[in-house]
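# Notes for the structure review
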Amino acid sequence: MKTSLKIKCLVLLTFFAFAATSCDNNDDNNPAPVDNTITGKAIATTNLSILVQALVKADLATTLQGAGPYTVFAPTNDAFTAFLATTTYATINDVPKEVLTQILLNHVITGTVKSGDLTTGYIKTLAKGSASATNTLSMYVNTGSSMVMLNGVAMVTTADIMASNGVIHIVDKVIGLPTIVTHATANANFTSLVGALTGAGQPNFVSILSGTGPFTVFAPTNDAFILLNTELAPGGIASVSTANLTKVLQYHVVSGNILAASLTEGQVVATLQTPQTFTIQLTGGAKIKDANNRTSTIIATDVQCSNGVIHVLNKVLLPIF
């Protein structure tokens, strides 16, 4: 009887030992699932470790593990180190959370946008500056010269790292919140405007338009300046005095962050060239009638900057001299 009991006990012990071993083997055969989200991919990339720290501090790591989809332009560790060197912050954890959140969101756009889908022009990030309560910041993408440049400061160095909820493009610079000056200098269609703003004898427009604002700038393209040069023949733009050129430039700047949707038919708009105004015309498309009854068409709207907004014109506005 005792022998039989010993045998039963031995059998039970053998069974439990086998069961325990089987459970251990089962755990080995079922490792934790790999995180293939944007956050997971960033964690797995050594050169994005500071980005991961930043995402955690800004409470965005979980967001970028969500359904999305998102496209993230991800700065490298070197990019963050260079960025911090331009600030008073020693580490990424020293950057105030709200500031860091907006900087990070300025690297994120909605949707899965592969490198081949990017075209030269403006896209919207998820960041918000202080100038508008509704309009998110714009990013200027330049796909020329077999490379992708963002806001004229960051270049995509590694593209199309696919994630389960979007895509990552690695960039070599941190993309700061763009001012009006940032967008003016990033877009090659504004080189004539930038040249005029920075010309000899002009006020420090760069400092002014980099300031808090907010400002609304109606920005003529290079083609608009070519048309003006023809219009002012035979002397062309060169015949305009420095003082009058200042008046022309100030005439394109308005106080406030005025979005296209808020423009109304017949609206009289006060400019920085006080007391001169221009008039909005919306019939047949948005246009501006200047003080000389010349008409310019608004060809692009709502390029949102951190300190204001840009609307693009096909013709230079002229005040009365």
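Residues numbered from 1 in each chain as written. Predicted model: local features only at pLDDT ≥ 70, side-chain atom pairs only at ≥ 80, totals over all residues. Heavy atoms only, no water.

## Notes on the environment of threonine 76
What counts, and what does not: We count a stretch as a helix when DSSP gives it H or I for four or more residues in a row; a strand needs E for two or more, and each element gets its number in order from the N terminus. When checking whether two residues touch, look at their non-hydrogen atoms; a contact exists if any pair is within 4.5 Å.
Checked against the element boundaries, threonine 76 lands in the loop between β1 (70–75) and α4 (77–85). C-alpha separation for the pair threonine 76 and isoleucine 258, spaced 182 residues apart in sequence, amounts to 36 Å. In contact with threonine 76, not counting residues within four places along its chain, are Asn47, Leu48, Ile170 and Val171.

## Examining the sheet that holds strand β14 (residues 308–313)
This is how the line gets drawn: A pair of strands is treated as paired once DSSP finds two or more bridges between them. Helix axes are fitted only over the stretch in contact, all axes being lines through C-alpha atoms; the angle between N-to-C directions runs from 0 to 180 degrees.
Taken together, the seven strands give an open sheet; going across it, the order is β9-β8-β14-β13-β12-β11-β10, and neighbouring strands pair in mixed fashion. Unpaired on one side and paired on the other, β9 (253–255) and β10 (268–270) mark the two borders of the sheet. Taken pair by pair, the neighbouring strands of this sheet meet at an average axis angle of 35 degrees, ignoring direction. Inspection of the sheet shows β10 paired to strand β11 (residues 277–281) by three bridges, in the antiparallel sense.

## Digging into the sheet that holds strand β4 (residues 138–142)
Here we have seven strands laid out as an open sheet, ordered β2-β1-β7-β6-β5-β4-β3, and mixed in their pairing. The two strands at the open ends of the sheet, each matched to only one other strand, are β2 (108–110) and β3 (121–124). The pairing of β3 with β4 spans four bridges and is classified as antiparallel. Its bridge partner being in β4, lysine 124 is matched across the sheet by serine 138.

## Concerning the packing of helix α3 (residues 49–57) against α4
The test is simple: The scheme is simple: roughly parallel for angles under 35 degrees, roughly antiparallel for over 145, roughly perpendicular for 65 to 115, oblique for anything else. In the scheme used here, Gly and all other residues not listed as nonpolar or charged are polar, with Ala, Val, Leu, Ile, Met, Phe, Trp, Tyr, Cys and Pro taken as nonpolar and Asp, Glu, Lys and Arg as charged.
Closest axis-to-axis distance for the α3/α4 pair is 7 Å, and the angle between their directions is 65 degrees. As judged from the angle between their axes, α3 and α4 are roughly perpendicular. Contact residues: α3 offers Ser49, Ile50 and Leu51, while α4 offers Asn77, Phe80 and Thr81. In terms of residue class, the contact of α3 with α4 is built from three nonpolar, three polar and no charged.

## Focus: the side chain of asparagine 307
Using the following cut-off: Two N or O atoms count as a polar contact when they lie within 3.5 Å, although within protein this holds only if one can serve as hydrogen donor and the other as acceptor, and sequence-adjacent residues are included solely when both atoms are side-chain atoms.
Within the fold, asparagine 307 resides in the loop between β13 (295–305) and β14. Side-chain polar atoms of asparagine 307 contact the backbone oxygen of glycine 211, separated by 2.7 Å. Residue contacts for asparagine 307: discarding those within four places in its chain leaves Ala131, Thr179, Ile180, Leu209, Ser210, Gly211, Thr212, Gly213, Pro214 and Phe215.

## Description of the environment of glycine 121
Our working rule: Each residue's exposure class comes from its accessible area (1.4 Å probe, protein chains only) as a fraction of the maximum for that residue type: buried when under 20%, exposed when over 50%, partly exposed otherwise.
Tracing the backbone through its elements, the reader meets glycine 121 in strand β3. Glycine 121 sits in the buried class, given a relative accessible area of 17%. Sequence separation between glycine 121 and asparagine 47 is 74 residues; the distance between their C-alpha atoms is 29 Å. Discounting residues that sit within four places of it in the chain, glycine 121 has contacts with Met139, Tyr140 and Val141.

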